Amino acid sequence: MKRLGVMCLLLMAVILTAGAVDLDREGRDPAYVESIVKRSQKIVDKLELKDAEMAQHVTHIIANRYFKLNDIYEVRDAKVKQAKETLTGDAKQEAVKAAEDEKDAALYRCHFEFPAALSLYLDGKQIDAVKDGMTYGVLMVTYNSHVDMIPTLTQEEKAQIMAWLVEAREFAIDAENSNKKHAAFGKYKGRINNYLAKRGYDLKKEREAWYERIKARGGKI
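Since we're looking at a predicted model, the values are computed, not measured.

A closer look at the nonpolar core
Right, on to step 1. Within the largest apolar cluster, 22 residues are counted, with the highest numbers of intra-cluster contacts made by Val 58, Ile 62, Leu 118, Leu 122 and Val 130.
Right, on to step 2. Breaking this core down by element, the ones donating at least two residues are helix H2 (30-45), helix H3 (52-86), helix H5 (113-118) and helix H6 (124-134).
Right, on to step 3. Leaving out residues up to four positions away in the same chain, Val 130 has contacts with Ile 43, Leu 47, Ile 62, Phe 114, Leu 118 and Leu 122.
Right, on to step 4. Residues Met 149, Leu 165, Ala 184 and Tyr 188 belong to the second largest nonpolar core, which totals 21 residues.

Written out as structure tokens, the structure is:
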């Protein structure tokens, strides 16, 4: 009976935690808020959630994540700007590095808050879909391209490629703009290519043969 009571309390805590999610709009430009909410809504629409209230909560969580990232990078930019305008030499370099380090620490501290908040409303597969939406679907595009380019990849090799791309996505989610998000994946694409080359694949020949297959089936490169 005591155990049941504890379980009920835990359930109530989850229900209360999963309450309304307010949009962090205070002090922000309304046009900016509107654009971020629309971007977030597009990601949520693809989840096809049946509960409209839940969909709104998830939209707010995603939008608030964008706001949080923007705040972190704005603080970094302001400190870098001040350092470059007021300091010189080693002092300037140290101040710029300190600003970057503080940014990285802030990103690390809040990185896991995002999926934790989403987990109150979404399952693991849906959370991955949100992450893909925030990173332009690069993970699956890259993975599918490698599998299509090299049909002889083993299950072990496919698993390693996927593991690295998932890791890349975690960095891309926290990146400040689209270029930096793509750069995060680019770093891991290089790692994947080096891995495959060491496994004996001639990537140049594999790519040329792949292009020919694409053309043969009427596709475009």
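Once the structure has been displayed, the description carries forward.
Regarding unusual backbone geometry
Right, on to step 1. Residue Glu 48 is not a glycine yet carries a positive backbone phi of 55 degrees.
Right, on to step 2. One can find Glu 48 in the loop between H2 and H3.
Right, on to step 3. The backbone of Tyr 136 shows a phi angle near 65 degrees, a positive value even though the residue is not glycine.
Right, on to step 4. The class for Tyr 136 is partly exposed, based on a relative accessible area of 47%.

Some remarks on the environment of Lys 204
Right, on to step 1. By the secondary structure assignment, Lys 204 is in helix H10 (residues 203-216).
Right, on to step 2. With a relative accessible area of 59%, Lys 204 lands in the exposed category.
Right, on to step 3. Considered as a pair, Lys 204 and Tyr 188 are 16 residues apart in the sequence and their alpha carbons are 18 Å apart.

Some remarks on the packing of H3 against helix H4 (residues 89-111)
The description of two helices packed together rests on the angle between their axes and the distance between the axes.
Right, on to step 1. Orientation of H3 relative to H4, taken along the N-to-C sense of each, is 170 degrees, at an axis distance of 8 Å. Relative to H4, H3 is oriented roughly antiparallel. Packed against H3, whose contacting residues are Arg 65, Lys 68, Leu 69, Ile 72, Tyr 73, Arg 76, Lys 79, Val 80, Ala 83 and Lys 84, the element H4 presents Lys 92, Ala 95, Val 96, Ala 99, Glu 100, Glu 102, Lys 103, Ala 106, Leu 107, Cys 110 and His 111 at the interface.
Right, on to step 2. Looking at the contact of H3 with H4 residue by residue, the classes come out as 11 nonpolar, 1 polar and 9 charged.

Some thoughts on the packing of aromatic side chains
Right, on to step 1. In the structure shown here, the tally under the stated rule is 5 aromatic pairs.
Right, on to step 2. In this structure, Arg 39 is placed above the aromatic ring of Tyr 66, and the distance from its NZ or CZ to the ring centre is 4.8 Å.

Rules of the game
Residues numbered from 1 in each chain as written. Predicted model: local features only at pLDDT ≥ 70, side-chain atom pairs only at ≥ 80, totals over all residues. Heavy atoms only, no water. Core = buried A, V, L, I, M, F, W, Y, C linked by side-chain atoms within 4.5 Å. Buried < 20%, exposed > 50% of the residue type's maximum accessible area, 1.4 Å probe, protein only. Helix = DSSP H or I, 4+ residues; strand = E, 2+ residues; numbered from the N terminus. Contact = heavy atoms within 4.5 Å. Axes fitted to C-alpha atoms, helices over the stretch in contact; angles between N-to-C directions. Parallel < 35°, antiparallel > 145°, perpendicular 65-115°, else oblique. Nonpolar A, V, L, I, M, F, W, Y, C, P; charged D, E, K, R; others polar. Phe/Tyr/Trp six-rings, centres within 6.5 Å; stacked < 30°, edge-to-face > 60°. Lys NZ or Arg CZ within 6 Å of the ring centre and 35° of its normal.

Keep in mind these numbers describe shape, not what the thing actually does.
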